[in-house]
Amino acid sequence: DAKTTQPTSMDCAEGRAANLPCNHSTISGNEYVYWYRQIHSQGPQYIIHGLKNNETNEMASLIITEDRKSSTLILPHATLRDTAVYYCIVRVETGFQKLVFGTGTRLLVSP
Amino acid sequence: GAVVSQHPSWVICKSGTSVKIECRSLDFQATTMFWYRQFPKQSLMLMATSNEGSKATYEQGVEKDKFLINHASLTLSTLTVTSAHPEDSSFYICSARDSRNTEAFFGQGTRLTVV
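All figures in this text were calculated on a predicted structure; none of them were measured in a lab.

What counts, and at which threshold
Residues numbered from 1 in each chain as written. Chains lettered and ligands numbered in written order. Predicted model: local features only at pLDDT ≥ 70, side-chain atom pairs only at ≥ 80, totals over all residues. Heavy atoms only, no water. Contact = heavy atoms within 4.5 Å. Buried area = accessible area lost by both parts, 1.4 Å probe. Salt bridge = Lys/Arg side-chain N within 4 Å of Asp/Glu carboxyl O. Buried < 20%, exposed > 50% of the residue type's maximum accessible area, 1.4 Å probe, protein only. Helix = DSSP H or I, 4+ residues; strand = E, 2+ residues; numbered from the N terminus. Pairing = 2+ DSSP bridges. Axes fitted to C-alpha atoms, helices over the stretch in contact; angles between N-to-C directions. Core = buried A, V, L, I, M, F, W, Y, C linked by side-chain atoms within 4.5 Å. Disulfide = S-S within 2.5 Å.

Q: Honestly, the interface of chain A and chain B in this entry has me stumped. Any pointers?
A: If you look at the interface, chain A gives 18 residues, while chain B gives 22 residues. Together, the buried faces of chain A and chain B total about 1,600 Å²; carbon and sulfur atoms form 54% of this surface. Of all residues in chain A, Phe-96, Lys-98 and Phe-101 of chain A give up the largest surface area on contact with chain B, accounting jointly for 34% of the area buried on that side. Where chain A packs against chain B, one counts one salt bridge.

Written out as structure tokens, the structure reads:
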């Protein structure tokens, strides 16, 4: 399974963009990068995923480097409700296509 | 996004008893469901994967006779913790994915406390 590396924690001021990095240097060519977040004592929430191209939806943008060895999740205007643990996951594309969670980044958005 | 519902949200049981947790996909057919366990301040740990109508596939180190998984229909999977002990106290979370192999959606989790 491709391993991901994320900073343990990050801080962001409310209203500013939050840029969460993720390294996945051993990613294979057909493996997708998924981002989920978990607010305290809740199940994870899907944010976005991508393969090669940058992606954007109503929640966030995902920037994947050309060599696909790293990516950045961007929350354009962070709010207090974005405080959560953010998980970057490389999905196993064989078998059951499991999502294996790493330790994630604890994002704290402050007023 | 699609909705996955878990029941109960929390449960307290006596040591030695069994507890069943249900996971339902409310608006899609879940061909594959996953069960995770999460201890305080730790990440989610995948326990097992189940496909509808098939036996579950357990991750290494997870006791299949203790954590019984049944995926009887395309909208329901159950996890039964048998002969529960205090060390089984944890947050149990299910996830479901449909046949299009798009993103997986998670339930709200079940907090199990064994006393």
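Q: Hey, could you run me through the pairing of strand 8 (residues 84-90) of chain A in this one?
A: Here is the key point about a regular strand: its side chains alternate between the two faces of the sheet. Residue and element names in this part refer to chain A. Judged by how many residues are buried, strand 8 sits mostly within the fold: seven of seven residues are covered. Side-chain alternation along strand 8 places Ala-84, Tyr-86, Cys-88 and Val-90 on one buried face and Val-85, Tyr-87 and Ile-89 on a second face that is also buried. As defined by bridge partners, strand 3 (residues 33-38) adjoins strand 8 across six bridges and the pair is classed as antiparallel. Bridged to Val-33 within strand 8 is Val-90. Across three bridges, the pairing between strand 8 and strand 9 (residues 105-110) is antiparallel. By the bridge assignment, Tyr-86 is partnered in strand 9 with Thr-105.

Q: Teacher, can you tell me more about unusual backbone geometry here?
A: What you tend to see is this: most non-glycine residues have negative phi, and most peptide bonds are trans. Of the consecutive residues His-7 of chain B and Pro-8 of chain B, the connecting peptide bond is found in the cis state with omega at 0°. Residue placement: Pro-8 of chain B occurs in the loop between strand 1 (4-7) and strand 2 (10-13). In this structure, Ser-41 of chain A takes a positive phi of about 65° despite not being glycine. Relative to the helices and strands, Ser-41 of chain A resides in the loop between strand 3 and strand 4 (45-50). Of note in this structure, Lys-41 of chain B is not a glycine but carries a positive phi near 60°. With respect to the helices, strands and loops of the structure, Lys-41 of chain B is situated in the loop between strand 4 (30-38) and strand 5 (45-51).

Q: I keep staring at the sheet that holds strand 3 of chain A and nothing clicks. Help me out?
A: All names here are of chain A. Taken in spatial order, the five strands make up an open sheet running 1-9-8-3-4, and their pairing is mixed. Pairing within the sheet leaves two strands with one partner each, and these edge strands are strand 1 (9-13) and strand 4. Across the sheet, the axes of successive neighbouring strands diverge by a mean angle of 25°, strand direction being ignored.

Q: Help me understand the side chain of Arg-97 of chain B, please; the structure alone is not making it clear to me.
A: Relative to the assigned elements, Arg-97 of chain B resides in strand 9 (residues 90-98). Apart from the residues lying within four places of it in its own chain, the contact partners of Arg-97 of chain B are Arg-91, Phe-96 and Gln-97 of chain A together with Phe-28, Gln-29, Ala-30, Thr-31, Thr-32, Phe-34, Thr-102, Glu-103 and Ala-104 of chain B.

Q: Sorry, what's going on with the nonpolar core here?
A: All names here are of chain B. Core analysis: the largest hydrophobic core is formed by 25 residues, its most contacted members being Val-4, Trp-35, Phe-67, Leu-79, Tyr-92 and Leu-112. Of all elements in the fold, only strand 2, strand 3 (19-25), strand 4, strand 5, strand 7 (67-73), strand 8 (76-81), strand 9 and strand 11 (110-114) reach the threshold of two or more residues within this core. Those residues in contact with Tyr-92 that lie beyond four places of it in its chain are Gln-6, Ile-21, Tyr-36, Arg-37, Met-47, Phe-67, Leu-79, Gly-109, Thr-110 and Leu-112.

Q: Honestly, the sheet that holds strand 5 (residues 55-56) of chain A in this entry has me stumped. Any pointers?
A: Strand pairing in a sheet relies on backbone hydrogen bonds, with the paired strands running either antiparallel or parallel. Residues and elements named next belong to chain A. Here we have four strands laid out as an open sheet, ordered 2-7-6-5, and antiparallel in their pairing. Unpaired on one side and paired on the other, strand 2 (18-23) and strand 5 mark the two borders of the sheet. Taken together, the two bridges between strand 5 and strand 6 (residues 61-64) define a ladder with antiparallel strand orientation. Bridging across to strand 6, Thr-56 finds its partner in Ser-61.

Q: Explanation requested: the state of the cysteines in the structure shown.
A: Such a bond, covalent and formed between the sulfur atoms of two cysteines, is termed a disulfide. Residues and elements named next belong to chain A. For the structure shown, the criterion picks out two disulfides over all chains. A disulfide bridge connects Cys-22 with Cys-88, and the sulfur atoms are separated by 2.1 Å. Disulfide Cys-22-Cys-88: torsion about the S-S bond near -80°, hence left-handed. One end of the pair, Cys-22, is in strand 2; the other, Cys-88, is in strand 8, with 66 residues separating them in the sequence.

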